[in-house]
Amino acid sequence: MNQNTGKVIQNFLNPKGVRKLIALTLIFGLLMVSSFLVYTMGGTKLAYVHGFYIPIIISGIIFSVPGGLITAFFASLLSGPIMPFDVALEIAQPSQSWMLRSLFFFMVGGLSGIGAKIIKAYLQDLENRLITDSVTQLLNSRGLIEEWHQNFMPKQDMKPSLVILRIHELSSIEAILNPDEMDQLFNNVARVLKNVAKDLGVIATLEAGTFALLLYGSKKVKETIAKCRHELGNVFTINNIPVFVNIFYGIAEIHNTRESIIDFLHRGRIAADKAIRNNSEIAFFEVEDETQLLRNAKIVHDLSTAIASPELKLFYQPQIKLETGRVERLEALVRWQHPELGMIPPSEFIPLAEGTLLINPFTKWVLDQTLSQLASWREKGCDLCVSINFSMKNFYDSTIFDLIHQSLQKYKIPAQKLEIEVTETAFAANLHQVADVLHTLREMGVRIAIDDFGTGQSSLHYLLELPLDVVKIDQVFIRNMLENPDAEAIVRSAILLGHELKLEVVAEGVQSEAEFRKLRDLRCDYGQGFYFAEPMASDFISSWLLKESPQSR
Ligand code: C2E
Ligand code: MG
Ligand code: MG
């Protein structure tokens, strides 16, 4: 039974206001029609007398046992001794006949009342289940939406507020507590919320670990949140286990109750997610948040068609051998000229692509472009090595490695001319799986570089576990190296460490001659940065190599 059918049945069984009056009139009318029919058709000898059961049953259903019994009483009166057995022959009813019938009328009136009560209770229970969260017994999102339509939407002068509470990193709590204990945790939170806000608005559980407070006004929002934070705290003791629970609050102000609650819930969730992202406990929804989300959605949507279209281009940034000034290597860096959004930096769209499987076709496109470009340079006599950036998700796509093998053969490129750059965050997710894949690539002859070394989830363990050829020191250290002796110490040590491990060391983000000289003095192998060259389109690389590379100066 769907919700609408349930509603129709509920409305029929429990008429209110005018409908109640209509039901009463109907019952009265049916009683009159029945007695009229019985009389005009010739008396109680014919079956028309059974017509009285209809108003009795209807009355029992709608007005419960008392209604059924009262209607049975009137039906008994109307069909009793005053009604002849045979109107034409003027024969009266035997008294046991009308008495027995009256008894049946009362029985049917009472039973239909009892039956209807049971059905109504069942339907009410069903209705409650549909709008209630089974664990916390708070309203669920459907219940909240109904509440909105009934009590908030009609009041246009009301300025309600919505607060979304989100328990952060639920999965790490789930790793400690069993399902019953998780329910206890949710119940504890629900109990506190009820204590704090039950008179201030409506409380709901939207999904496990996400609650909503729909407050009647906007004045007490901050005060209510402060109370919730104070009462909830950060530690819940469940079965003697103290569990750390981090709750974030997203606030959506509601200026117009005519708008859809679904939109407000969406905004509240956006604000709660923003609070989590910024680690700020409380965040307000702002229009720009939605604009950013819409932009993200557009970027992800359009990326699938942009791959392999002229909108995406690979640029190449030279890496200079600091000792000789020679350019032997380049890093391929993607550029996306979007027809409406303009230039979208990789730092914006790559993380979004990583959130979808699009990162795999994208990396395959980068690989194919790079190798075909490399082949064309080789034909012109330029023997270069090109590195491409890999994302963590690429390590889960086994086909990409067959593709590397096949593409190297297709373009007749020696494997040593291809380098894969991976960041430390990629390893952090699943070091063993990544290590296996990298070993396979290394056996193929492909070179492996660790990108942005020293940032992210740094661990020297990676240097031990992974088959590396190159370490690329993150630009943050190079940028500060000249002013900050600690940054310089890190760069010097990273270079030494790299060399001890027989790795080549690349310094990223070299922007000045002074930095270049310093790095050369520290015996860093390669430098990459705007001081030497910005990333360039492939057409410019050959002429740059001829005219402007440090070696040709
Ligand atoms: P990354 O791999 O560390 O690349 C180096 C970034 O530093 C590039 O930014 C480059 O333009 C920039 N850069 C180079 N020299 C300098 C300098 O002297 N000063 C400054 N301020 N910046 C410099 P870009 O091209 O915006 O790329 C950003 C990041 O996006 C890359 O960091 C990489 O992680 C990612 N990325 C770029 N292209 C791709 C790609 O094809 N695939 C994947 N998976 N990621 C990519
Ligand atoms: Mg890189
Ligand atoms: Mg880097």
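Residues numbered from 1 in each chain as written. Chains lettered and ligands numbered in written order. Predicted model: local features only at pLDDT ≥ 70, side-chain atom pairs only at ≥ 80, totals over all residues. Heavy atoms only, no water.

1. Observations regarding the overall build of the protein
Counting its secondary structure elements, the protein contains 20 helices and 17 strands. For the protein, whose C-alpha radius of gyration is 39 Å, the value lies well above the compact-globule estimate of 24 Å for 553 residues. By its C-alpha atoms, the protein is 130 × 55 × 45 Å across when sized along the principal axes. Expressed as a percentage of the 553 residues in the protein, the buried residues total 46%. Pairs at least 24 residues apart make up 67% of the contacts formed inside the protein by residues separated by at least 6 positions. Surface exposure of the protein reaches about 28100 Å², of which carbon and sulfur atoms provide 57%. Distance between charge centroids for the protein: 6 Å, based on 52 positive and 62 negative side chains. (Helix = DSSP H or I, 4+ residues; strand = E, 2+ residues; numbered from the N terminus. Rg over C-alpha atoms; globule rule 2.2 N^0.38 Å. Buried < 20%, exposed > 50% of the residue type's maximum accessible area, 1.4 Å probe, protein only. Contact = heavy atoms within 4.5 Å. Areas by Shrake-Rupley, 256 points an atom, 1.4 Å probe, with all protein chains shown as cover. Lys, Arg positive; Asp, Glu negative; His and termini not counted. Charge placed at Lys NZ, Arg CZ, Asp CG, Glu CD.)

2. With respect to the coordination of the magnesium ion (ligand 3)
Around the magnesium ion (ligand 3), the protein supplies D451 (OD), D452 (OD), E508 (OE) and E508 (OE) as donor atoms, at distances of 2.0 to 2.6 Å. Counting gaps between the donor residues of the magnesium ion (ligand 3) yields the pattern D-D-x55-E. Separating the magnesium ion (ligand 3) from the magnesium ion (ligand 2) is a gap of 4.0 Å, bridged by D451, which donates to each. The exposure class of D451 is buried, given its relative accessible area of 5%. (Donors = N, O, S within 2.8 Å, 3.2 Å for Na, K, Ca; no water.)

3. Looking at the side chain of N140
Mapping N140 onto the fold places it in the loop between α4 (95–131) and α5 (141–152). Side-chain polar atoms of N140 contact the backbone oxygen of L130, separated by 2.9 Å. For N140, the side chain forms a polar contact with the main-chain nitrogen of G143, separated by 2.9 Å. Among all residues touching N140, those that are not within four sequence positions of it are R129, L130, I131, T132, D133, A204 and T205. (Polar contact = N/O pair within 3.5 Å; in protein donor to acceptor, adjacent residues only side chain to side chain.)

4. Some points on the layout of surface pockets
Approximately 990 Å³ is the volume found for the largest pocket. Of all the elements in the fold, those that place two or more residues in the lining of the largest pocket are β8 (312–321), β9 (327–338), α11 (346–354), α12 (359–379), β12 (418–423), α14 (424–429) and β13 (447–453). For the lining of the largest pocket, the residue count by class is 17 nonpolar, twelve polar and ten charged. (1 Å grid on protein atoms, 1.4 Å probe; cavity = no way out; pocket = protein on both sides within 12 Å on 5 of 7 lines; lining within 4 Å. Points joined across faces, edges and corners; volume = space filled by probe spheres on them. Nonpolar A, V, L, I, M, F, W, Y, C, P; charged D, E, K, R; others polar.)

5. Structural notes on the site of ligand 1
Looking at ligand 1, there are 22 residues lining it, with R335, D451, Q475, Q511 and F530 nearest. Between an oxygen atom of ligand 1 and a side-chain N or O atom of E331, the distance comes to 2.9 Å. Within the backbone of F530, one N or O atom sits 2.8 Å away from an oxygen atom of ligand 1. In isolation ligand 1 exposes 800 Å². Once the protein is present, 82% of that is buried. (Near = heavy atom within 4 Å.)

6. Structural notes on the pattern of salt bridges
Across all of its chains, the model carries 28 salt bridges by this definition. The partner of D86 in a salt bridge is K45, with the nearest N and O atoms 2.9 Å apart. Placement of D86 in the loop between α3 (53–78) and α4 and of K45 in the loop between α2 (18–40) and α3 is noted, with a sequence separation of 41 residues between them. Here R442 makes a salt bridge to D469, at a shortest N to O gap of 3.1 Å. In this pair, R442 is assigned in helix α15 (residues 431–444) and D469 in the loop between α16 (460–465) and β14 (470–473), connecting sequence segments 27 residues apart. Among the charged side chains, a network of salt bridges with common partners joins R166, E207, R269 and D273. (Salt bridge = Lys/Arg side-chain N within 4 Å of Asp/Glu carboxyl O.)

7. Some remarks on the domain arrangement of the protein
Each assigned domain of the protein is listed with its residue range as follows: domain 1 (3–131), domain 2 (141–285) and domain 3 (295–537). Inter-centroid distance (C-alpha atoms) of domain 1 to domain 2 is 49 Å. (Domains from an automatic or database assignment.)

8. Regarding the packing of helix α13 (residues 399–410) against α15
It is the contact of α13 with α15, at a shortest axis distance of 11 Å, that shows an interaxial angle of 10°. By the angle between their directions, the pair α13 and α15 is classed as roughly parallel. Two secondary-structure elements touch here, α13 through F401, I404 and H405 and α15 through V437, L441 and M444. Here the contact of α13 with α15 is composed, by residue class, of five nonpolar, one polar and no charged. (Axes fitted to C-alpha atoms, helices over the stretch in contact; angles between N-to-C directions. Parallel < 35°, antiparallel > 145°, perpendicular 65-115°, else oblique.)

9. A word on the coordination of the magnesium ion (ligand 2)
Taken together, the protein donors to the magnesium ion (ligand 2) comprise E331 (OE), N389 (OD1), E421 (OE) and D451 (OD), at separations of 2.0 to 2.2 Å. Taken in sequence order, the residues that donate to the magnesium ion (ligand 2) follow the motif E-x57-N-x31-E-x29-D.

10. What to know about the pairing of strand β15 (residues 504–508)
With four of its five residues buried, β15 lies for the most part within the structure. The pairing of β14 with β15 spans four bridges and is parallel. Within β15, the position partnered with K472 by the bridge is V506. Bridge analysis of β15 against strand β16 (residues 526–528) gives three bridges, and the strand direction is parallel. (Pairing = 2+ DSSP bridges.)

11. With respect to the sheet that holds strand β6 (residues 247–253)
Read across the sheet, five strands follow the order β2-β3-β1-β6-β7 without closing on themselves; strand pairing throughout is mixed. The outermost strands of the open sheet, each flanked by one partner alone, are β2 (201–207) and β7 (282–284). In this sheet, adjacent strand axes meet at a mean angle of 20° when their direction is disregarded. Relative to β7, β6 is paired through three bridges, and the arrangement is parallel. Its bridge partner being in β7, I251 is matched across the sheet by F284. Sitting on the sheet, α5 is in contact with β2 and β3 (210–215), with an inclination near 150° to β2.

12. Things to note about a nonpolar patch on the surface
Nonpolar side chains collect at one region of the surface, where L69, I70, F73, F74, L77 and F106 lie side by side and expose about 530 Å² of accessible area between them. Among the residues examined, L77 registers a relative accessible area of 46% and is labelled partly exposed. (Patch = residues over 30% accessible without salt bridge, like charges linked within 9 Å, V, L, I, M, F, W, Y side chains within 5 Å.)

13. Let's talk about the nonpolar core
Grouped together as the largest cluster of nonpolar side chains are 79 residues, with contacts concentrated most on L312, F349, F362, I404, I420 and L519. Looking at this core, the element that brings in the most residues is α12, giving nine residues. Discounting chain neighbours no more than four positions away, the residues touching L519 are L322, I478, M481, V491, I495, A507, V510 and C524. Among the nonpolar cores identified, the runner-up in size contains 31 residues, and I173, A190, C228 and F236 belong to it. (Core = buried A, V, L, I, M, F, W, Y, C linked by side-chain atoms within 4.5 Å.)

14. Thoughts on the pairing of β2
In terms of residue burial, β2 counts as a mostly covered element, since six of its seven residues are buried. As paired elements, β2 and β3 share six bridges and run antiparallel to each other. Pairing of V202 across the sheet is with L214, part of β3.

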